[in-house]
Amino acid sequence: MNTLLALSGLGVFCLIAEIFNLRKLLIPVAILGLIAILGLTISDYNLPSTHFNNMVIVDHFSVCFSSLFIVLTIFLVALSSDYYKEHASKLSDYVAIKIFLLAGAVAMVSFGNLAIFFIGIEILSISLYVLAASKRLDVKSNEAGMKYFLLGSFASGIILFGICLIYGATGYFDISEIYALSEGAGIPIWFPIGLTLIIIGMLFKIAAVPFHFWAPDVYEGAPSLTTATMSSLAKVVAVATLYKLIHGMIPTIPYIFETIIVVLSILSMTVGNIMALRQNNVKRMLAFSGISHAGFMLMALLSLSTAAGTLLYYTTAYALAGIAAFAVIIFVTRNKDNEDIVNFNGLGKSNPLLAGILTAALLSMAGIPIFSGFFAKLTLFTQTIQSGYLVVVIAGVVNSIISVGYYFKLIVAMYTKEAGEKQTTPFVYYFVAVVAIVLNIIIGIFPNTLLQLLGA
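Focus on the overall build of the protein
Part 1 of the reasoning: Counting its secondary structure elements, the protein contains 19 helices and two strands.
Part 2 of the reasoning: In terms of overall dimensions, the protein is globule-like: its C-alpha atoms have a radius of gyration of 21 Å, near the 23 Å expected for 456 residues.
Part 3 of the reasoning: When its C-alpha atoms are laid out on the principal axes, the protein stretches across 70 × 55 × 40 Å.
Part 4 of the reasoning: Across the 456 residues that make up the protein, the buried fraction comes to 59%.
Part 5 of the reasoning: Long-range contacts, defined here as pairs at least 24 residues apart, represent 81% of the contacts in the protein between residues at least 6 apart.
Part 6 of the reasoning: With an accessible surface of roughly 17,400 Å², the protein has 70% of that area assigned to carbon and sulfur atoms.
Part 7 of the reasoning: Each charge class in the protein can be summarised by its mean position, and for the 22 positive and 20 negative side chains these summaries are 10 Å apart.

A few points about the pattern of salt bridges
Where charged atoms from two side chains of opposite charge approach closely, those side chains can pair.
Part 1 of the reasoning: For the structure shown, the criterion picks out eight salt bridges.
Part 2 of the reasoning: The closest approach of N and O atoms between aspartate 82 and arginine 334, which form a salt bridge, is 3.0 Å. Note that aspartate 82 is positioned in helix H3 (residues 60-83) and arginine 334 in the loop between helix H13 (308-333) and helix H14 (347-350), a separation of 252 residues in sequence.
Part 3 of the reasoning: With a closest N to O distance of 3.8 Å, lysine 283 and glutamate 339 form a salt bridge.

Re the packing of aromatic side chains
Part 1 of the reasoning: Across all of its chains, the model carries 18 aromatic pairs by this definition.
Part 2 of the reasoning: For the pair tyrosine 148 and tryptophan 214, a centre-to-centre distance of 5.0 Å together with 20° between the ring planes defines the contact as stacked. Taken together, the residues span a long stretch of sequence, with tyrosine 148 in helix H6 (residues 139-170) and tryptophan 214 in the loop between helix H8 (190-205) and helix H9 (215-221) at a distance of 66 residues. Taken as a pair, tyrosine 148 and tryptophan 214 share a single burial class, namely buried.
Part 3 of the reasoning: When the centroid spacing of 5.6 Å and the interplanar angle of 50° are considered together, the rings of phenylalanine 331 and tyrosine 429 count as tilted. Here phenylalanine 331 is found in helix H13, whereas its partner tyrosine 429 is found in helix H18 (residues 427-445), with 98 residues between them in sequence.

Looking at the nonpolar core
Part 1 of the reasoning: Residues Phe69, Leu114 and Met202 are the most contacted members of the largest nonpolar core, which totals 177 residues.
Part 2 of the reasoning: In terms of residues, this core owes the most to one element, H13, which gives 20 residues.
Part 3 of the reasoning: The contacts of leucine 114, once residues within four sequence positions are left out, are Ile163, Ile166, Phe173, Ile175, Ile178, Leu245 and Met249.

A closer look at helix H4 (residues 91-110)
Part 1 of the reasoning: Given a rise of 1.5 Å per residue, 20 residues ought to cover 28 Å, and the 29 Å separating the end C-alpha atoms of H4 matches this to within 8%.
Part 2 of the reasoning: Burial analysis of H4 places 18 of its 20 residues in the buried class, which makes it a mostly covered element.

Focus: the packing of helix H1 (residues 2-19) against H4
Part 1 of the reasoning: Where H1 meets H4, the closest approach of the two axes is 8 Å, and the angle between their N-to-C directions is 170°. Taken together, the axes of H1 and H4 lie roughly antiparallel to each other. Contact residues: Thr3, Leu4, Leu7, Ser8, Leu10, Gly11, Val12, Cys14, Leu15 and Glu18 in H1; Ser92, Asp93, Val95, Ala96, Ile99, Phe100, Leu102, Ala103, Val106 and Ala107 in H4.
Part 2 of the reasoning: Taken together, the residues that form the contact of H1 with H4 break down as 14 nonpolar, four polar and two charged.

Brief notes about the environment of valine 29
Part 1 of the reasoning: If you trace the backbone, valine 29 turns up in helix H2 (residues 23-42).
Part 2 of the reasoning: Take valine 29: its relative accessible area is 29%, and that puts it in the partly exposed class.
Part 3 of the reasoning: For valine 29 and glycine 171, which are 142 residues apart along the polypeptide, the C-alpha to C-alpha distance reads 45 Å.
Part 4 of the reasoning: Once residues lying within four places of it in the same chain are set aside, the contact partners of valine 29 are Leu10 and Phe13.

Some words on the layout of surface pockets
Part 1 of the reasoning: In this structure, the largest pocket spans a volume of roughly 730 Å³.
Part 2 of the reasoning: Around the largest pocket, the lining is made up of 29 residues, and of these Tyr83, His87, Lys135, Pro223 and Arg334 lie nearest the centre.
Part 3 of the reasoning: Contributing elements (two or more residues each) for the lining of the largest pocket: H3 and H9.
Part 4 of the reasoning: Taken together, the residues that form the lining of the largest pocket break down as seven nonpolar, eight polar and 14 charged.

Things to note about a nonpolar patch on the surface
Part 1 of the reasoning: Among the surface-exposed residues, Val12, Phe13, Ile16, Ile19, Phe20, Leu22 and Leu25 lie close enough to one another that they form a single nonpolar patch of about 650 Å² accessible area.
Part 2 of the reasoning: With four residues, H1 is the single largest residue contributor to the nonpolar patch.
Part 3 of the reasoning: For leucine 25, the location among the structural elements is in helix H2.

Let's talk about H13
Part 1 of the reasoning: Across its 26 residues, H13 extends 37 Å between first and last C-alpha, which sits within 8% of the 38 Å expected from 1.5 Å per residue.
Part 2 of the reasoning: Here H13 lies mainly inside the structure; 26 of its 26 residues are buried.

Description of the side chain of serine 66
Part 1 of the reasoning: Take serine 66: it is sitting in helix H3.
Part 2 of the reasoning: Discounting residues that sit within four places of it in the chain, serine 66 has contacts with Thr41, Val106, Val109 and Ser110.

Thresholds, definitions, all that
Residues numbered from 1 in each chain as written. Predicted model: local features only at pLDDT ≥ 70, side-chain atom pairs only at ≥ 80, totals over all residues. Heavy atoms only, no water. Helix = DSSP H or I, 4+ residues; strand = E, 2+ residues; numbered from the N terminus. Rg over C-alpha atoms; globule rule 2.2 N^0.38 Å. Buried < 20%, exposed > 50% of the residue type's maximum accessible area, 1.4 Å probe, protein only. Contact = heavy atoms within 4.5 Å. Areas by Shrake-Rupley, 256 points an atom, 1.4 Å probe, with all protein chains shown as cover. Lys, Arg positive; Asp, Glu negative; His and termini not counted. Charge placed at Lys NZ, Arg CZ, Asp CG, Glu CD. Salt bridge = Lys/Arg side-chain N within 4 Å of Asp/Glu carboxyl O. Phe/Tyr/Trp six-rings, centres within 6.5 Å; stacked < 30°, edge-to-face > 60°. Core = buried A, V, L, I, M, F, W, Y, C linked by side-chain atoms within 4.5 Å. Expected span 1.5 Å × (residues − 1). Axes fitted to C-alpha atoms, helices over the stretch in contact; angles between N-to-C directions. Parallel < 35°, antiparallel > 145°, perpendicular 65-115°, else oblique. Nonpolar A, V, L, I, M, F, W, Y, C, P; charged D, E, K, R; others polar. 1 Å grid on protein atoms, 1.4 Å probe; cavity = no way out; pocket = protein on both sides within 12 Å on 5 of 7 lines; lining within 4 Å. Points joined across faces, edges and corners; volume = space filled by probe spheres on them. Patch = residues over 30% accessible without salt bridge, like charges linked within 9 Å, V, L, I, M, F, W, Y side chains within 5 Å.

Next up, the structure:
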C-alpha cells in the first residue's frame, strides 16, 4: 500500500514540476524517487499485510513483481531523457504517465479484490493508449493508438463482464471469499463462464494466440519507447496478473482448462516464431517474438501451485533482455524513418559495445547459455514435464530452435554487412543497455537468487 501511495505522490510531483520549471531536475528526481520506492517495496517482503478490508494485499508475490516493475520503469524513465529531448515541454507529462502506469501495474499484482484489479488494469491500459498515440502528427502512431484503444476497450469490457458474472455467482469481489466458494459443490455455471471471460481478456493483454492480431501493428506504429514499455513492462504485468487471478480464485485448474492452455501455449509459440521469420522490421519481429514468449509464459499455468518463482524468473529474464535490446534499437533508429534490419548493418564495426549488447539480449531471448533466458526456459520445461505435459515442452524446444533463425538474421546484419555512418551515442543508452544485460547475466549465473523468493 505504501508503494501505491508513494508512486501516486511521485507522479503528481512530476506534473507539478512543469509548473515550477523544474524540467532539468525531473528525470534525476524521478529516478531517485523510484529507487527510494523500490527500497520501500523490498522492505515489505517480510511484512505481509492487508489494507482497506482486504482490497490491497502485500505479500511475497506482490512485493517481488512490484520490485521488478519498478526496476523496469527506472530504465524506461532514464531513456526518456534523450528520447523526448525534442519535446522538452511535454517531458513531465511523459514521465508522469509512465509512473501512473507503474501504479496501475502494482495494483494489478497487489489486489485482493476484483475491483482493485480492474482499476489497476484500466490505469495501465489508458496510460498505454495515450503513449501509443503520443506522436500526434505521425499517421502510424495515430493508427496504433486507435487500434490499441478500440481492441483494448473490448478486452476490458470482456473482463468487466466476467467480473460481473463471478459476482453474480458468488456474491463477492474478494478473491479469498471467491476461492473458498469455488471449492464447494453447487456453484452456479456463471462462475466458470465469468472466469473464462476474464482469462480471455487477459490473453488479449499478453498478446497470446488467437488474441495477438493487434500486437504487430501497434508495436510498429507506436513510438519506440512506448513499444519497449509494452513489450517488457506491460506484458510482464499481464502475465503475472493472469497467474494471480487463476491461482487466487480456484484451487486447481479443470482438465478442460489445462487442455486449452496447452493448445494456446503451443499455438502462441509456433505462430509467433513462424511469423517473426518473415519480418524485416525489427519492432514487428520483436512483436511476434513477444507473442512466442507469451506462449512460453502460459506454460507456468500448468504448474499452478509451484510455478510462481519460475514465472518471476522467466519474466525478469525476458524483460531485462527486452529493455537491453530496445535501448540499442531506439538509439540506432532514432533518426531513421523506419526500424528495418538494414539500419543495423555494420553496427558491430561502428559501435561494437551496443552491437554486443543487442547480440547478448537476442541470445538470451533465444535461450542460449550463459544468459538467464536459457535457465528460465530450462526451469520452466522441467516443471512442465513434472506436471505431465511433455508435448508442450517438445513444442517449446522446437520453437526455441526456430527463434534462433530470426534473431541471427539481425545478428548477421550487424557483423557481416557494411557499416553506415557512425553516430555519437549519449551515455544513457550505454548505461541502460549495459546495466540491463549485466543483470540478465547475473541472474543467469545465480538463478536461485530469484527462484527462491517465491519457490520454484
